[in-house]
Amino acid sequence: MKKTQAESDVNLLRALEVFMAVADSRHVTAAAATLGMTQSAVSQQLKKLEWALDAPLFNRSRRPLELTHAGEILRRRTFRILSEVEDLRSELRYLHSSSMPILRVALLASIATTLTPGLLDMVRGGLGIPELSLSAGLATDHQAALNARSIDIAITSDPQFDLTDYDCAPILEEPFFLVLPMDYDGPTNDIHEISERLSMVRFSADAPVGRRTDQHLQRCRLDLPRSMEADRASMVVAGVITGKCFAILTPSLLIDAIAEGMALRIEPLPFAGFKRSIVAISRAGQLGDIPAKVAQESGRIMRQSFERLMPQAAGSVIYPS
């Protein structure tokens, strides 16, 4: 049957909103009242949508209305479509507003305590955003949160996923160091002698920093005895302060332990060195210069903390010019 111009001319988004209101209430009259429309206008939107999709969506011979098989499929899909549209509307409102209502930032757990006070002051005072929502976790958590759109910015390390649809602002690049118990009295320039006296405590292979360390040790053809693995820097450091273990960590992985006064000895690696980067990642083109400003402030805070708490390592950290 040939469609008329009026029947073919459908505002699909509005028609889907009307369809969902009717699908939820199962009554055209109730849906019309909810939408602030007349009953005839709602019926017309449904008729146009059925014409556009070439499928009946309701069994109108039953009261209350029943969804057809096509209607059930459309209802499931429409819920996701309208949720995405609302997310898009929110993001566009942020772009056209002088102030976002909230900025959601995920942080590496190892630097969350260091960054939180300064970022709060900067976001509320410098950016004029009234609320800051922070979460701490591993780099792998950040990828999932960005993909789910549950955060706006991730301050993370060495992202291992496709960054095509993301902006990436550098914060710092830091080397790995040898971390020993303070009372260790053996050599520090021979990793084999060290590993005869102490066993290695390491990050688990599930953590990006753990994989990075393992890969570097393999490249250097080093197979070091290990007694413990963990997925948090605090637990790795806890192994070192027992006096029985050593670790290979960066300044940002040590900052909490040093701030808490833990007795640690930090030495250069006695083999070829390696580094990791910390960056601020956000969805491309959606937050203007906010991610760059967050990255710059994060770098400033970390630099000050390194210089104050671990001057022996601070000079080795590199910041973007």
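One can find the structure itself at the top, above this paragraph.
Figured I'd write up the structure that's included with this text. (Residues numbered from 1 in each chain as written. Predicted model: local features only at pLDDT ≥ 70, side-chain atom pairs only at ≥ 80, totals over all residues. Heavy atoms only, no water.)

1. Brief notes about the overall build of the protein chain
Next, step 1: Looking only at helices and strands, the protein chain features 13 helices and 12 strands.
Next, step 2: Each principal axis of the C-alpha distribution contributes one length, and for the protein chain these read about 90 × 40 × 30 Å.
Next, step 3: Burial analysis of the protein chain (321 residues in total) assigns 46% to the buried set.
Next, step 4: Within the protein chain, residue pairs in contact and separated by at least 24 positions form 75% of the contacts whose partners lie at least 6 positions apart. (Helix = DSSP H or I, 4+ residues; strand = E, 2+ residues; numbered from the N terminus. Buried < 20%, exposed > 50% of the residue type's maximum accessible area, 1.4 Å probe, protein only. Contact = heavy atoms within 4.5 Å.)

2. Quick notes on empty space enclosed by the protein
Next, step 1: Counted according to the given criterion, the structure contains 2 cavities of 30 Å³ or more.
Next, step 2: Of the pockets and cavities examined, the largest cavity occupies roughly 60 Å³.
Next, step 3: Lining the largest cavity, in full, are M200, V201, R202, F203, V209, G210, T213, D214, V236, I248 and L249.
Next, step 4: Contributing elements (two or more residues each) for the lining of the largest cavity: β8 (199–203), α9 (208–219) and β10 (245–249).
Next, step 5: Along the lines of polarity and charge, the residues of the lining of the largest cavity split into 7 nonpolar, 2 polar and 2 charged. (1 Å grid on protein atoms, 1.4 Å probe; cavity = no way out; pocket = protein on both sides within 12 Å on 5 of 7 lines; lining within 4 Å. Points joined across faces, edges and corners; volume = space filled by probe spheres on them. Nonpolar A, V, L, I, M, F, W, Y, C, P; charged D, E, K, R; others polar.)

3. With respect to the nonpolar core
Next, step 1: Grouped together as the largest cluster of nonpolar side chains are 71 residues, with contacts concentrated most on L103, I155 and F246.
Next, step 2: Here the element with the most residues in this core is helix α12 (residues 290–309); it accounts for 6 residues.
Next, step 3: Within the second largest apolar cluster, 21 residues are counted, among which are A15, M20, A31 and A32. (Core = buried A, V, L, I, M, F, W, Y, C linked by side-chain atoms within 4.5 Å.)

4. Observations regarding the pairing of strand β9 (residues 226–230)
Next, step 1: Examined bridge by bridge, β8 and β9 share 4 bridges and lie parallel to one another. Within β9, the position partnered with V201 by the bridge is M228.
Next, step 2: In this fold, the crossover linking β8 to β9 by way of α9 has right-handed handedness. (Pairing = 2+ DSSP bridges. Right-handed = clockwise from strand over helix to strand, strands pointing away.)

5. Describing the packing of helix α11 (residues 251–259) against α12
Next, step 1: Two numbers describe how α11 lies on α12: the axes approach to 11 Å, and their chain directions differ by 55°. In terms of axis orientation, α11 runs oblique to α12. Here the hand of the crossing between α11 and α12 comes out left-handed. Residues P251, S252, I255, I258 and A259 of α11 form the contact with α12, whose participating residues are M302, S305, F306 and L309.
Next, step 2: Here the contact of α11 with α12 is composed, by residue class, of 7 nonpolar, 2 polar and no charged. (Axes fitted to C-alpha atoms, helices over the stretch in contact; angles between N-to-C directions. Parallel < 35°, antiparallel > 145°, perpendicular 65-115°, else oblique. Left-handed = near helix turned anticlockwise from the far one by under 90°.)

6. What about the side chain of H216?
Next, step 1: Tracing the chain through its elements places H216 in helix α9.
Next, step 2: H216 sits in the buried class, given a relative accessible area of 5%.
Next, step 3: For H216, the contacting residues outside a window of four places in its chain are F271, A272, G273 and F274.

7. What about the sheet that holds β8?
Next, step 1: On the basis of which strands lie adjacent, the open sheet formed by 5 strands has the order β9-β8-β10-β7-β11 and mixed pairing. Bordering the open sheet on either side are β9 and β11 (264–267), each of which pairs with just one other strand. In this sheet, neighbouring strand axes are inclined to one another by 30° on average, regardless of whether the strands run parallel or antiparallel.
Next, step 2: With 2 bridges connecting them, β8 and β10 associate as parallel partners. Counterpart to S199 in the pairing with β10 is C245.
Next, step 3: Along the sheet face, α9 touches β8, β9 and β10 and points at about 135° away from the line of β8.
Next, step 4: Along the sheet, helix α10 (residues 233–240) makes contact with β7 (177–181), β8, β9, β10 and β11, crossing β10 at roughly 145°.

8. Some points on the pattern of salt bridges
Next, step 1: Counted under the stated rule, the structure contains 16 salt bridges.
Next, step 2: A salt bridge links D152 to R104, with the nearest nitrogen and oxygen atoms 2.9 Å apart. Taken as a pair, D152 in the loop between α7 (139–147) and β5 (153–157) and R104 in strand β3 (residues 102–108) lie far apart in primary sequence, 48 residues in all.
Next, step 3: Accessibility expressed as a relative area gives 23% for R104, which makes it partly exposed. (Salt bridge = Lys/Arg side-chain N within 4 Å of Asp/Glu carboxyl O.)

9. Some thoughts on the layout of surface pockets
Unfilled space is identified by rolling a water-sized probe across the atoms.
Next, step 1: Taken as a whole, the largest pocket encloses approximately 320 Å³ of empty space.
Next, step 2: At the level of secondary structure, the elements contributing two or more residues to the lining of the largest pocket comprise α9, α10 and α11.
Next, step 3: Sorting elements by how many residues they give to the lining of the largest pocket places α11 first, with 4 residues.
Next, step 4: Here the residues of the lining of the largest pocket are counted per class, giving 14 nonpolar, 4 polar and 5 charged.

10. Observations concerning the packing of helix α2 (residues 12–25) against helix α4 (residues 39–53)
Next, step 1: With their axes 9 Å apart at the nearest point, α2 and α4 run at an angle of 115° to one another. One way to sum up the angle between α2 and α4 is to call them roughly perpendicular. The handedness of the crossing between α2 and α4 is left-handed. Counting all contacts with α2, which are made through L12, R14, A15, L16, V18, F19 and V22, the residues of α4 involved are V42, Q45, L46 and L49.
Next, step 2: Its residues placed into classes, the contact of α2 with α4 shows 9 nonpolar, 1 polar and 1 charged.

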